Each structure stands twice: as C-alpha cells, then as structure tokens.
Amino acid sequence: MNAMHISGDRAFAIIVTMLVVGGAGIFLSAALGLLARENVSLGHIAVTQLLLGLVPGLIALAILRFMPPAWLMKLIVPLYIGAIALTCLVFIPGIGVHAGGATRWIDLGPFTVQPAEFLKIGVVLMFALYLAKTKDKIKEWRYGLLGYGLIVGIPAFILLMQPNTSTVLILGATTAALYFLAGAPWRDFAILALITIIAVGALVMTRPYLMHRVTTFINPAGDSLGKGYQIQQSLIAIGSGGLLGRGFGQSVQKFNYLPEPVGDSVFAVYGEEFGFLGTVFLVLLFTAFAARGFTIASQAKDSFGSYAAAGLTLIITLSALMNIGAMLGVLPLTGLPLPFVSHGGTALLCALASVGIILNVAAHRTKKRALV
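Just so it is clear, the structure is predicted and the values come from calculations on it, not from any experiment.

### Structural notes on the pattern of salt bridges
Going through the model one piece at a time under the given rule, you end up with six salt bridges. Two residues, E117 and K120, come together in a salt bridge whose shortest N-O distance is 3.1 Å. One end of the pair, E117, and the other, K120, are both in helix α5 (residues 116-134), three residues apart, so they sit about a helical turn from each other. The same class applies to E117 as to K120, namely buried. In this structure, R142 engages E140 in a salt bridge whose closest nitrogen and oxygen atoms are separated by 3.7 Å.

### A look at the packing of aromatic side chains
Going through the model one piece at a time under the given rule, you end up with twelve aromatic pairs. Arranged with centres 5.8 Å apart and planes meeting at 50°, the rings of W186 and F189 form a pair that is tilted. You can see W186 and its partner F189 sitting in helix α8 (residues 186-206), three residues apart, about one turn around the helix. Residue class for F189 comes out buried when judged on its relative accessible area of 17%. With a centroid separation of 6.4 Å and 35° between ring planes, the pair formed by F267 and Y270 is classed as tilted. Residue F267 and its partner Y270 are located together in helix α11 (residues 266-298), separated by three residues, close to a single helical turn.

### Brief notes about the packing of helix α7 (residues 165-181) against α8
Following both chains from N to C, one finds α7 and α8 inclined at 175°, their axes separated by 12 Å at the closest point. For the element pair α7 / α8, the angle class is roughly antiparallel. Of the residues in α8, those touching α7 at T165, A176, Y179 and F180 are W186, D188, F189, L192 and L203. Across the contact of α7 with α8, the residue classes tally to seven nonpolar, one polar and one charged.

Reading guide: rules and limits
Residues numbered from 1 in each chain as written. Predicted model: local features only at pLDDT ≥ 70, side-chain atom pairs only at ≥ 80, totals over all residues. Heavy atoms only, no water. Salt bridge = Lys/Arg side-chain N within 4 Å of Asp/Glu carboxyl O. Helix = DSSP H or I, 4+ residues; strand = E, 2+ residues; numbered from the N terminus. Buried < 20%, exposed > 50% of the residue type's maximum accessible area, 1.4 Å probe, protein only. Phe/Tyr/Trp six-rings, centres within 6.5 Å; stacked < 30°, edge-to-face > 60°. Axes fitted to C-alpha atoms, helices over the stretch in contact; angles between N-to-C directions. Parallel < 35°, antiparallel > 145°, perpendicular 65-115°, else oblique. Contact = heavy atoms within 4.5 Å. Nonpolar A, V, L, I, M, F, W, Y, C, P; charged D, E, K, R; others polar.

Here is the structure:
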C-alpha cells in the first residue's frame, strides 16, 4: 500500500503536516510571552491546545479520512442539526460563557468549547449535499435562493446573536462561492449582494464594536492607545522582524505588548521572529494548501465531493487570509484565529477534521473531473 493511497493525497498531507508542526512551534514560542503576564496559566493553555485540539483532531482526521463516503453522507444532516443545537446552548445561563462582549463558548469545567467551529463544518457539508441533490433545479428560486436562505440563514442568525460576525462573513463568502460553482443565476447573486450590503450596514451602525473596527482600519493611528492599540503593536512586531527576523523565541512584542499573542496576534509574533521571508513562506504555504485543496475538489468523483472539498478548503483559507490581512492592517480586525497556529482547541480540532474529509474526497477521486 503506497503513501498516496494511505494519505489520500501526498502533497496535501505534506502541506498540512508542515502547517501543523510549524504551527505548534509558533504557538509554543508565542505562549512564552504569557509568562510575563499575571493571572495567565501557560500550562493550562498548552494542555487544552494539546488535549482538546491536536490529539482529538488527529484522531478525527484519521477516522474521517478512512470513513466510507456513504457513511459520511449519512452523518451530515445529524451533524448539521446537532451543530445548530450545540451553538444554541451558549445562550443558556450556566452553560454559555460570556467573555469579551460575546457569548460563544460552552463551559465544560476545566475548558471551554466553541460550537461555532463545528457549525462551520456542518453548514458547508449540508449545503454541499443540498447542491449535489438539487443542482439541476438550482435556477428555480424555491430550490436555489430559498434553499440557500434556510440552510445558511438560520445558522447565520444564531451566530449574529452571539455576536460572531466574522464567522458569518466566512460562511457567507464560502457558501456563496459554492452556490456560484453550482450554476446559480446572476439574479440570485444580485439579491444576495443587496441583502449583504444592507445587513452589514445595519450591523456596523447598530453595533459600536464593529464601527470601531471600521474606523480603526481607516485610521489605525487615530487611537493608538485604545482601539488601534492591537494593530499598532502588530505592525511594530512585524516591522521589527526585518528581512530574516529576530530568531525563534526572540520576539519582544509578545511580552506585555501584543494583545492575545497566542490568539489572533500570533502571526505578528511569527513575523517578528522569522521576518519578511518567513511570513512570505507561511503565506505561500497557505496558498499551496488552497491550490491543492481546490485541485482535489476539481477531481472528486461526484458533485458532493467537489463542493465539500472546495467549501472546507475555502473556510480554512479565508480564515487565514482574514487573520493575516488584519495583522498587516490591510483588512479590519475580525478576531479570527490563524488556522493550525492560534490558540483554540476547538478550532484546531475542526481544522484537522476538515482536512480528514478533504483527504477522503482525494482518496476516492477520479483522475480528471471538472468542478461542477
């Protein structure tokens, strides 16, 4: 049995391995910055990342890689419904955890779980299954636009109530891309674009934190000690890395300067330690991840495999793009983690589970197939 058959796709598996191993190293270095901070347990953060993220994530990857496709398809509807129910639990007092102005986590005693990560996979797989079954009728509004609105709209509404706007944006962009690949009419995209513009405008006007993010993006130096502090410190960290960086573990900004050095600011720590060349390499690695994932999608044996692989690849790639773009100041801050790198056991678990599904599609692909 050769390596290609075992992995599903050797090139994609190598890219993911580099991201996971390299991400663990980056996370470890960034986590050292927490030693200088009070009321932060470095051991707890490291253990939860390992026990809640990496270990169960690798197990999920292996199970989903070798699961018969027919079994996987039977699990999609229960997964979708279960993920919605799990996400709703965050609103129950005593179960949900409120932090940073949002209620996105479930309290499980020694650690917390963010069910929105499971919901992203559930929505993508459910929409992929729906498109595969109705693609011949997709131009009819009751199968196309109405189906899209129900499958994506209900989870989006729940996420907005948390609030979790960034995840809604990621899901919206991903499912819209799948809808386009399925051959949806331009009329539907015009309607979706209009709804998106109105919804985003209303959210920005009614939610102060979103307005702050927009104004900070436009003028990051306007409140450098307040709302613009994170982006200012991020740019200082990345800029001080120069061409080659300070060296592994040598970041200065992670000590009491960068907010969330193991969270959404982890790219800034990486940029300071590995410099311009290092950041270019990481961006190219995520680019290779996307290119190989889309190649697998284009060669899938059926429409469901195409949509599922493309959607899961896009979820991870867009998250990386938005995180890196925010740290570079070219996109507004979103709070999204850097896949495979940032602290967040649930996010790492779900990213690895997504990889398992993509490799499953790769293992059963045909040699040539258009992405339809």
